[in-house]
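Structure at a glance
The primary structure of each chain is shown beneath.
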Amino acid sequence: MAVQEALGNTALLEVKNLGITFGGLHAVENFNLTLQKGDLYGLIGPNGAGKTTVFNLLTGVYKPTAGTFFLDGKELKGKKPAEINKMGVARTFQNIRLFQNLSVLDNVKVGLHNQMKYTTLTGILRLPGYFKSERKMNERAVELLSVFELEGSLDTLASNLPYGKQRKLEIARAIATNPKLLLLDEPAAGMNPNETQELMETIRLIRDRFDLTVLVIEHDMSLVAGICEQITVLNFGTELAKGKTEEVLKDPEVIKAYLGE
Amino acid sequence: MMAKNLNVSPLSNQKKGLRPVTKKNFITYAMVIAFFILFQTLMSTDNLKNAYQSLLVPICTNVIMALSLNLVVGVLGELSLGHAGFMCIGAYAGSFFSVLTEEVIPITWLRFTLAFAVAAIAAAIAGILIGIPVLRLRGDYLAIVTLAFGEIIKSIVNVLYIGVDSEGLHIAMSSSNLNLLEDGKEILRGPQGISNTPRDSTFFIGFILVMLTLLIVTNLMDSRTGRAIMSIRDNRIAAESIGINITGYKLLVFTLSAAIAGCAGVLYSHNLSSLTANTNNFGYNMSITILVYVVLGGLGNVRGSIIAAAVLYALPELLRGLRDYRMLIYSILLIAMMIFSNGAFFVQLREKIAFRFKRRTAQDAIPGRVE
């Protein structure tokens, strides 16, 4: 830590005392987090601990009632979800949110919306720019989908994909927006151990290949222990423990929060 | 490297034939062109009764209206019940322009083209003005407010008097307040509307307009903008999370759809010699009728909207021989169509038939079949 501080502001994500209250309920309180570029960080905690609320705060779905957060030194607090995404934060959802009536290819191409642009008029009039951009979009989308081994079902409707592939497609769509920080909300939910194992490798692969910093919410301890270098444990909206994964998972307080006394 | 290898196969597969979307669109274009050629031939060889001939332009009007409402309801996924209001603005703006410039611009096609431009711009401006406050709402609330705006537009044109003289335009809420000079003439006369619009609309122009609308709608849907719009329909929160400007695109669709409806209005008003606004042409009845076409044709289904609008508009006229039972049969047919398009049995039947014709496509549609 001391070295990094000496090097100046190298943190990719800096969350300071972030909090939100719904009515009288402190859903998240005093949340602090510093992620360095390339980190694979885990966020765990029992049901209702406020993990997804943290994601919703970081992506602008909720406006924080306390604290603030920075990406690459730029303050993101108070910005709209679309703006936050443009500045480099992409996410997936706990309950999958795909564009059900669009094909697999088009789902990723929507993700490329702000990466490869042409005007509405160019699209309607089918000017040369349309074909050039569409070709580039197709190539990029297929490249992304092949990372998740989805290149065989380009024209399948997203709703017709099996569950595991829907999760992968959602990650592919998030990466298409060219983020610096990727937030994964329970990526292994509903997966069998083999699929989870495969997912772990994929997450590591995409982190290296797309220069990502990844923050994962997960219930599956094998996944957390397998890929996250560091974790934060949330309980009742507050931070219970924080640090190296193997040490935190041995913490009696954490075990108590998960398993009861 | 791995990705590079994988790149080759799916894309080259795509290049083999037309993409499914493109193919589907071409079939729709061909269908509209065939319909035009058929009826144009029937008409020029005198094989079409006059009563049926007079249906052709209104069919085009209704098809254009259905296509434009389909953009809002089917593609964007927001319910609008005031669409006839935009048609009304277009009809009045277009007619007004034509009557005003009838002597100045003697070339019919030029005047008519300009009338379309004026109407499209007027309707688009109305679309923006109404869209900005209204599009903050969603679902039922949006439907109710658009319904109200549609009625407001209709009521306003019914009390508006506009005349022109050597001093310029005069606008008032009653005929006596217009204060026209000797050489002036009243163009828009409140509830009496606009009379003596040049009857420039023909089946050919209607067809051209349908084709233009169709091209705009299909090209839009198969583009970056179209995908963004459909992503908002499918999942607003996810669309926001990948950087789609929801409000901007909603307003764009609303405005474009209003402009197209405005053009339909011009086609409508130049097919009649006198134009008045009432519940049946620009009111809530019309908006609901168009919505029926869009819903029965299948939300977001361009070809379905066209067929439903053409068939359902012509049907009451074709059933005229049944006299008193006409509307009864019409309603029964509406219900039957609804069951046919959504009933599980019929959906399966259609899939079976499609499967026989196109073995490959049908297999792709089976859920879960992925390599």
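Residues numbered from 1 in each chain as written. Chains lettered and ligands numbered in written order. Predicted model: local features only at pLDDT ≥ 70, side-chain atom pairs only at ≥ 80, totals over all residues.

1. A short note on the domain arrangement of chain A
Residue and element names in this part refer to chain A. According to the domain assignment, chain A contains domain 1 (10-88 + 181-261) and domain 2 (95-178). For domain 1 versus domain 2, the distance between C-alpha centres works out to 26 Å. Taken together, the contacts link 11 residues of domain 1 with 10 residues of domain 2. Counting only elements with at least two residues in the side of domain 1 that touches domain 2, the list comes to helix H3 (81-86), strand E7 (181-185) and helix H8 (193-209). If you tally residues by element for the side of domain 1 that touches domain 2, the top one is H8, at 3 residues. Split by residue class, the side of domain 1 that touches domain 2 holds 6 nonpolar, 3 polar and 2 charged. (Domains from an automatic or database assignment. Contact = placed C-beta atoms within 7 Å. Helix = DSSP H or I, 4+ residues; strand = E, 2+ residues; numbered from the N terminus. Nonpolar A, V, L, I, M, F, W, Y, C, P; charged D, E, K, R; others polar.)

2. Re unusual backbone geometry
Residues and elements named next belong to chain A. The backbone of asparagine 17 sits at a positive phi, close to 50°, despite the residue not being glycine. Accessibility expressed as a C-beta count within 10 Å gives 13 for asparagine 17, which makes it partly exposed. Of note, phenylalanine 236 is a non-glycine position whose phi angle comes to about 50°, a positive value. Counting through the fold element by element, phenylalanine 236 comes out in the loop between strand E9 (230-235) and strand E10 (238-244). (Buried ≥ 20, exposed ≤ 12 C-beta atoms within 10 Å, placed from the backbone.)

3. A few points about the pairing of strand E3 (residues 40-44) of chain A
All names here are of chain A. Counting buried residues along E3, 5 of its 5 residues qualify, which places the element largely inside the surrounding structure. Side chains Leu40, Gly42 and Ile44 of E3 all project onto a buried face; the interleaved residues Tyr41 and Leu43 project onto the opposite face, where all are buried too. Taken together, the 4 bridges between E3 and strand E8 (residues 213-217) define a ladder with parallel strand orientation. Paired with glycine 42 across the bridge in E8 is valine 216. (Pairing = 2+ DSSP bridges.)

4. Focus on the packing of helix H4 (residues 104-111) of chain A against helix H7 (residues 163-176) of chain A
Between two packed helices, both the angle of their axes relative to each other and the distance between the axes serve to describe the pair. Residues and elements named next belong to chain A. At a minimum axis separation of 7 Å, H4 and H7 run at an interaxial angle of 30°. Between H4 and H7, the crossing angle belongs to the class labelled roughly parallel. For the element pair H4 and H7, the recorded crossing hand is right-handed. Taken together, the residues of H7 that come into contact with H4 (itself represented by Val104, Asn107, Val108 and Gly111) are Leu169, Ala172, Arg173, Ala174 and Ala176. Within the contact of H4 with H7, the residues separate by chemical class into 6 nonpolar, 2 polar and 1 charged. (Axes fitted to C-alpha atoms, helices over the stretch in contact; angles between N-to-C directions. Parallel < 35°, antiparallel > 145°, perpendicular 65-115°, else oblique. Left-handed = near helix turned anticlockwise from the far one by under 90°.)

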